[in-house]
Amino acid sequence: MENNIREIKEKCKLFSKCVDVDLDFQENLMSYNDDLLKIIRCCVNNYIVNTDYANGTLTVYGKSKIYLTYVSDATSCITTADFEEDFQKAVTIEGGFDEVSADVSVINRYSNFRVINQRRIDIHNAFALDITVCAPSPVNMIDSAEGVLIKRDTVNYLSLIGTSYSKAEFEDEATIPSDSDVIRKIINTFATVRCEDVKIIKDKMLVRAAADFSLLYTTDTEKEVIKKCEKTVSISKIVDIGGIDEGDDAIVKMTIGNVYAKPKADKNNQLRGIELIGDINVNSTVFRKVTTQISTDSYATDNEISNSFGKINLNTNGVVTSDIINDKAVFEFDNINIVEITDLSLNISDGNSLELSAFVRNENSELIFITQKKEISVKSFNMAALYVKSFDYVLKSANEISVRFLIEYTAAEYEEKSFSVLSDVQISDTAVSESPALVVYFARENELVWDIAKKFRTSADLIKTENELKDDVIDSRRILLIPGM
């Protein structure tokens, strides 16, 4: 007997887990920077650059970008400094796989700082890496075998075609709104990025993004007036992912990487422009909707057989959808009396949290940085990319900020299910006793026609034809006529 064997090779999830990372940095101001008098803001932006798998170890490479806004001891003026640190984390993957795919996101825990002296600051940075690892899990399946009836079940699932980490660079300029102002210093840059469009062709994906920048700068006056400039930069990136094609669906997670903003002179040699240079990180996962038949059982009408099975996990009944969340939230801050909001940013943080960051002035006209996170009401998905499309805000009271926001998301939803796949069939020389030409059978509700046919060594199609059945499941208790082969 010759069996027709087909290999099913899908990328199945090995595990999902969070890996804690704790880092300590010692940063020193450059010699040409002013000494520290007071720190207004010290924040850390952690992001993933790439992953690499070799010899059973997944290595995650990332960067920690540290932004410092402080008051100079020498001039009592606000100024900034930034630092960049690399990090990597190794995760052991058992099983001897030749290749794996990994989706890694950063979940920020907290960061704190301590001023050691007027030039040195120590920073503790705590976050977690949310890691999902998939690997090809091939299994052989019997498509057909001589003299054997095979049960085939139709399965709809999402197939993971490929993943990619890439970087898209940008360079643009912004012009301050007032022609009479001259930039003295840029004291803060809020930056967020969102995916605008994705186009997939064979082995390539075109991603379009929009990066929103809100910049605070001081003008060249004795009072050090703080003003704001806004700019949206369009960014395009071609991502290479082997095996993808038109009709596939992509979930693209984007994060801000490096951002450099510096004053730029106009044609009159006045600092009225801002040069923006940096990059964004693009984490792409591509799925394909697949409908296939898998062999799950077999029997022979004349001889005893032996079935062997393999296991495969599939993301069944999967869909990739896009939608919009239109909602509002109120952020309350204790021990502060907000008189004015100088600048405010809203961003998605840690997957399902809305993070507000703002520079405000209190009743003493001091510039203060505040930040807070709130979980947003969004359905739980297997994988999702969420972006703040737009927002507006109002100061409700001295310690309350009300924000109305519009969030766009693309998400994959599926049920992970394990299947037993018929991998081998052996027919013995032992013949089974002949069944009668026609049998009366009392079928139970929800009984499978296949199970009845296997019991009587006949064909499921013959039973359905004889009893004018349209479905493979008996919908109610009834009498069936079972024809012989």
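Look a little higher up for the structure.
Every chain is numbered independently, its residues counted from 1 as its sequence is written. Restriction of local features to residues with pLDDT of at least 70 applies here, the model being predicted, together with a cutoff of 80 or more for giving and counting side-chain atom pairs; totals for whole chains, interfaces and linings are based on all residues. Side-chain metrics in this entry use all non-hydrogen atoms of the structure; hydrogen atoms and water are not considered.

**Overview of the overall build of the protein**
Item 1. A count of helical and extended segments in the protein gives two helices and 20 strands.
Item 2. Here the globule rule reads 2.2 Å times residues to the power 0.38, and the radius of gyration is calculated from C-alpha atoms. Whereas a compact globule of 485 residues would reach a radius of gyration of roughly 23 Å, the protein reaches 31 Å, over 25% beyond that.
Item 3. By principal-axis analysis of the C-alpha atoms, the protein measures approximately 105 × 45 × 45 Å.
Item 4. Taken over 485 residues, the protein has a buried fraction of 48%.
Item 5. Taking the contacts inside the protein whose residues are at least 6 apart along the sequence as the reference set, 75% of them involve residues at least 24 apart.
Item 6. Accessible surface, the protein: about 24600 Å² in total, of which carbon and sulfur atoms supply 42%. Strands here mean DSSP runs of E at least two residues long; helices mean DSSP runs of H or I at least four residues long; both are numbered from the N terminus. With a 1.4 Å probe rolled over the protein chains alone, any residue whose accessible area is under 20% of its type maximum counts as buried; one over 50% counts as exposed, and the rest are partly exposed. Contact definition: two residues touch when any of their heavy atoms are within 4.5 Å. All accessible-area figures derive from a Shrake-Rupley calculation using a 1.4 Å probe, and residue coverage is judged against the displayed protein chains alone.

**A short note on the pairing of strand β19 (residues 438–443)**
Item 1. What you see with β19 is a clean split: Val439, Tyr441 and Ala443 sit on the buried side and Leu438, Val440 and Phe442 on the side with no burial.
Item 2. Strand pairing is assigned whenever DSSP detects at least two bridges linking the two strands. In the sheet, β19 pairs with strand β20 (residues 478–483) via six bridges, with the strands oriented antiparallel. Looking across to β20, one finds that Val440 is bridged to Leu481.

**Quick word on the nonpolar core**
Item 1. Buried Ala, Val, Leu, Ile, Met, Phe, Trp, Tyr and Cys residues form a nonpolar core when they are joined through side-chain atoms within 4.5 Å. Among the nonpolar cores identified, the biggest contains 46 residues, and Met205, Met254, Ile274, Ile280 and Phe287 are the most heavily contacted of them.
Item 2. Put simply, the parts of the chain that give this core at least two residues each are β7 (149–175), β8 (183–201), β9 (204–219), β10 (226–240), β11 (249–265), β12 (271–299), β17 (383–397) and β18 (400–431).
Item 3. It is β9 that contributes the most residues to this core, seven residues altogether.
Item 4. Contact partners of Phe287, with chain neighbours within four places excluded, come to Leu158, Ser159, Leu160, Ile161, Asp248, Asp249, Ile251, Val320, Met383, Ala412 and Tyr414.

**A word on the environment of Leu314**
Item 1. Examined against the element boundaries, Leu314 turns out to sit in strand β13 (residues 303–332).
Item 2. We classify Leu314 as buried; its relative accessible area is 3%.
Item 3. Counting along the chain gives 91 residues from Leu314 to Phe405, while the straight-line C-alpha distance between them is 36 Å.
Item 4. Excluding anything up to four places from it in sequence, Leu314 contacts Glu10, Val155, Tyr157, Glu415, Glu416, Lys417 and Phe419.

**Notes on the packing of aromatic side chains**
Each aromatic ring pair is specified by the distance between its two centres and by the angle formed by the two planes.
Item 1. In this analysis, rings of Phe, Tyr and Trp, with Trp reduced to its six-membered ring, are considered paired at centre separations within 6.5 Å, and the interplanar angle assigns stacked below 30 degrees, edge-to-face beyond 60, and tilted for intermediate values. Following the criterion strictly, the structure yields nine aromatic pairs and no others.
Item 2. Each ring, one from Phe287 and one from Tyr414, has its centre 6.3 Å from the other, and the planes form 55°; the classification is tilted. In this pair, Phe287 is assigned in strand β12 and Tyr414 in strand β18, connecting sequence segments 127 residues apart.
Item 3. Take Phe287: its relative accessible area is 2%, and that puts it in the buried class.
Item 4. Considering the side-chain rings of Phe359 and Phe369, the 5.3 Å spacing of their centres and the 55° angle between planes classify their relative orientation as tilted. Residue Phe359 is found in strand β15 (residues 353–361), and its partner Phe369 is found in strand β16 (residues 367–375); the two are separated by 10 residues along the sequence.
Item 5. For Phe359, a relative accessible area of 1% gives the class buried.
Item 6. Aromatic rings pair up to connect Phe190, Phe359 and Phe369 into one cluster.
Item 7. A cation over an aromatic ring shows up here: Lys374 above the ring of Phe331, its NZ or CZ 5.8 Å from the ring centre. Geometrically, a lysine NZ or arginine CZ counts as sitting over a ring once it is within 6 Å of the ring centre and also within 35 degrees of the ring normal.

Everything listed here is a matter of geometry and, on its own, says nothing about what the molecule does.
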